[in-house]
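Tertiary structure, described
As a plain string of letters, each chain reads:
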Amino acid sequence: MTTVTQKRILVVDDEAPMRKLLSINLETCGYHVHAARDGFEALQLLNEQPFDLVLLDISMPGLDGLQILEIVRTSFDIPIVIVSARSNESDKLAAFSRGADDYLVKPFGVDDLVARIAPRLGN
Amino acid sequence: MAFELAFPADRALAAESASPEVVLAAAAHELRLPLSHIKGFVSSLRRTDITWDTKTTGEFLQEIELEADRLGELINALLSKGAGDRRGYVTRELRPTTPAHLVQSALRRAHLILQDRRVEVDVPQWLPPFRMDRDGMERVLTNLLENAVKYSPGDTPIEVSAQVVDGGDLEIVVADRGVGVAPVDRARVFQPFYRSETRMPGHGLGLTIALSIVRAHGGQIQLIGRRGGGTRVSVRIPKNIHTGSAATDRSP
């Protein structure tokens, strides 16, 4: 299944069901998925291996998604899609002003997610 | 008649609480999480481009059921106007349950949260059964395990122990080697959506729910600091439970 062109996605979410859900579905779409449960794990993975896209939750213990977004933006040029239960306009603006490429509000359907990330991965 | 104890968590409940707007926003966020898991697993099952095998389908359905339960408990906790309300949790059937059985069931229920996290269990098989609402007490332990996982480094163990203490009460302790909770916050974290100013992340409703369930058993729950860093959460369930509210459990 692993091919040279398989795109790599990093999922960052402190909720285990969400990590499982995203990983299983994206893998069936042919992506290679790594999941991190917090910001520190995410930054470590990003330093260790290349990724083509990051799916990032905002409300997490430790480093929150916005802090991670700022850090990642200073060093990496990869699409970052926010996946958050925060639905206020101010939350979205805070994410976009820090360089988020897209913002998906939970709850969302899997098809919606796949349709949004596919073009960013050249599909 | 009431089984009154000095609940350490009580003292903070009358203290400062967040504004209605803040509570409402936090509540909405908290409700969206299980809802987003349900929606996610349902939409996975409905995908037309793939056929899931029976095992995966079963797992997804189990997740949906667990998250629906979680949603129901959140709603109960919200309706209880915080943990200060005695109506917060009504115990279901009280059944004799050994601590070993309870802890094993809770660990099974929390397997997705725990994943490959090391858990050191010190719960003797010979500890006697205690009458409890098994489902509720499993939820208490699951919430405590979830906090331990979230707020401590992944390479440190989580410890679960149980013992019979003075007077024959049951004490169950869930301990971690995480950042710990400042003494000033140890009672306040039981408030719904309490967020400390000392950089501790918010606990949402997990501890509020745990407190209301433990209290419905006439027990107490307490956060204790640890030498060397981390948190110990002690749950005490009385030997003779007097729920005070449930008609199912009146003494003759």
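Further remarks concern the packing of aromatic side chains. With the rule as written, the count across this model stands at three aromatic pairs over all chains. Ring geometry for Phe96 of chain A and Tyr103 of chain A: centres 6.4 Å apart, planes at 50°, overall tilted. Judged by its relative accessible area of 6%, Tyr103 of chain A falls in the buried class. Aromatic side chains Trp52 of chain B and Phe60 of chain B sit 5.1 Å apart centroid to centroid with 65° between the ring planes, which places their arrangement in the edge-to-face category. Pair check on accessibility: Trp52 of chain B and Phe60 of chain B agree, each one buried. Among the aromatic side chains, those forming a connected cluster through ring pairs are Phe41, Trp52 and Phe60 of chain B. The ring of Phe51 of chain A has Arg8 of chain A lying over it, and the distance from NZ or CZ to the ring centre is 5.2 Å.

Residues and elements named next belong to chain A. Strand order in the open sheet formed by five strands is E2-E1-E3-E4-E5, with parallel pairing between adjacent strands. For this open sheet the edge positions go to strand E2 (32-36) and strand E5 (102-105), each flanked by a neighbour on one side alone. Each strand axis lies, on average, 20° off the axis of its neighbour in the sheet, ignoring direction. Here strand E3 (residues 53-56) runs beside strand E4 (residues 80-84); their pairing, made up of three bridges, is parallel. Bridging across to E4, Leu56 finds its partner in Ile82. Sheet contacts for helix H1 (residues 16-28): strand E1 (8-12), E2 and E3; angle to E2, the most-contacted strand, approximately 170°. In the packing of helix H2 (residues 39-48) onto the sheet, the strands contacted are E1, E2 and E3, and the crossing angle to E2 comes to about 140°.

Another aspect to go through is the interface of chain B and chain A. Quite often, the size of an interface is put as the accessible area lost when its parts meet. The interface of chain B with chain A comprises 31 residues on the first partner and 25 residues on the second. Summed over both partners, the interface of chain B with chain A buries about 2,300 Å², with 60% contributed by carbon and sulfur atoms. By the criterion of area lost to chain A, the three top residues of chain B are Arg32, Arg47 and Lys150 of chain B, representing 24% of everything that side buries. Taken together, the connections running from chain B to chain A amount to five salt bridges. For Glu15 of chain A, the salt bridge is made with Arg70 of chain B, and the minimal N-O distance between the two is 3.2 Å. Between chain B and chain A we count 13 residue pairs in polar contact (both at pLDDT 80 or more) in total. Secondary structure elements with two or more residues in the side of chain B that touches chain A: helix H2 (20-45), helix H3 (54-79), helix H5 (111-114) and helix H6 (134-150) of chain B.

This part is about the sheet that holds strand E7 (residues 231-237) of chain B. Residues and elements named next belong to chain B. One open sheet accounts for five strands, arranged E2-E4-E5-E7-E6; its pairing is mixed. The sheet is open, and its two borders are formed by strand E2 (119-122) and strand E6 (220-225), each paired with just one other strand. Shown here is a sheet whose adjacent strand axes are inclined to one another by a mean of 15°, direction ignored. Alignment of strand E4 (residues 158-164) against strand E5 (residues 170-176), held across six bridges, turns out to be antiparallel. Bridge assignment links Gln163 to a residue of E5, and that residue is Glu171. Sheet strands in contact with H6 are E4, E5, E6 and E7, and its direction is about 20° off that of E5.

Let us now look at the nonpolar core. In terms of nonpolar packing, the biggest core is built from 43 residues, with Met137, Val140, Leu144, Leu145, Ile221 and Val235 of chain B touching the most fellow members. Among the elements that take part in this core, H6 of chain B stands out by supplying seven residues, more than any other. Those residues within four positions of Met137 of chain B in sequence are excluded, and the remaining contacts are Leu102, Met132, Ile213, His217, Val235 and Ile237 of chain B. Counting 26 residues, the second-largest nonpolar core is a separate cluster that includes Val114 and Ile117 of chain A together with Phe60 and Ile64 of chain B.

About the criteria used
- Residues numbered from 1 in each chain as written.
- Chains lettered and ligands numbered in written order.
- Predicted model: local features only at pLDDT ≥ 70, side-chain atom pairs only at ≥ 80, totals over all residues.
- Heavy atoms only, no water.
- Phe/Tyr/Trp six-rings, centres within 6.5 Å; stacked < 30°, edge-to-face > 60°.
- Buried < 20%, exposed > 50% of the residue type's maximum accessible area, 1.4 Å probe, protein only.
- Lys NZ or Arg CZ within 6 Å of the ring centre and 35° of its normal.
- Pairing = 2+ DSSP bridges.
- Helix = DSSP H or I, 4+ residues; strand = E, 2+ residues; numbered from the N terminus.
- Axes fitted to C-alpha atoms, helices over the stretch in contact; angles between N-to-C directions.
- Contact = heavy atoms within 4.5 Å.
- Buried area = accessible area lost by both parts, 1.4 Å probe.
- Salt bridge = Lys/Arg side-chain N within 4 Å of Asp/Glu carboxyl O.
- Polar contact = N/O pair within 3.5 Å; in protein donor to acceptor, adjacent residues only side chain to side chain.
- Core = buried A, V, L, I, M, F, W, Y, C linked by side-chain atoms within 4.5 Å.

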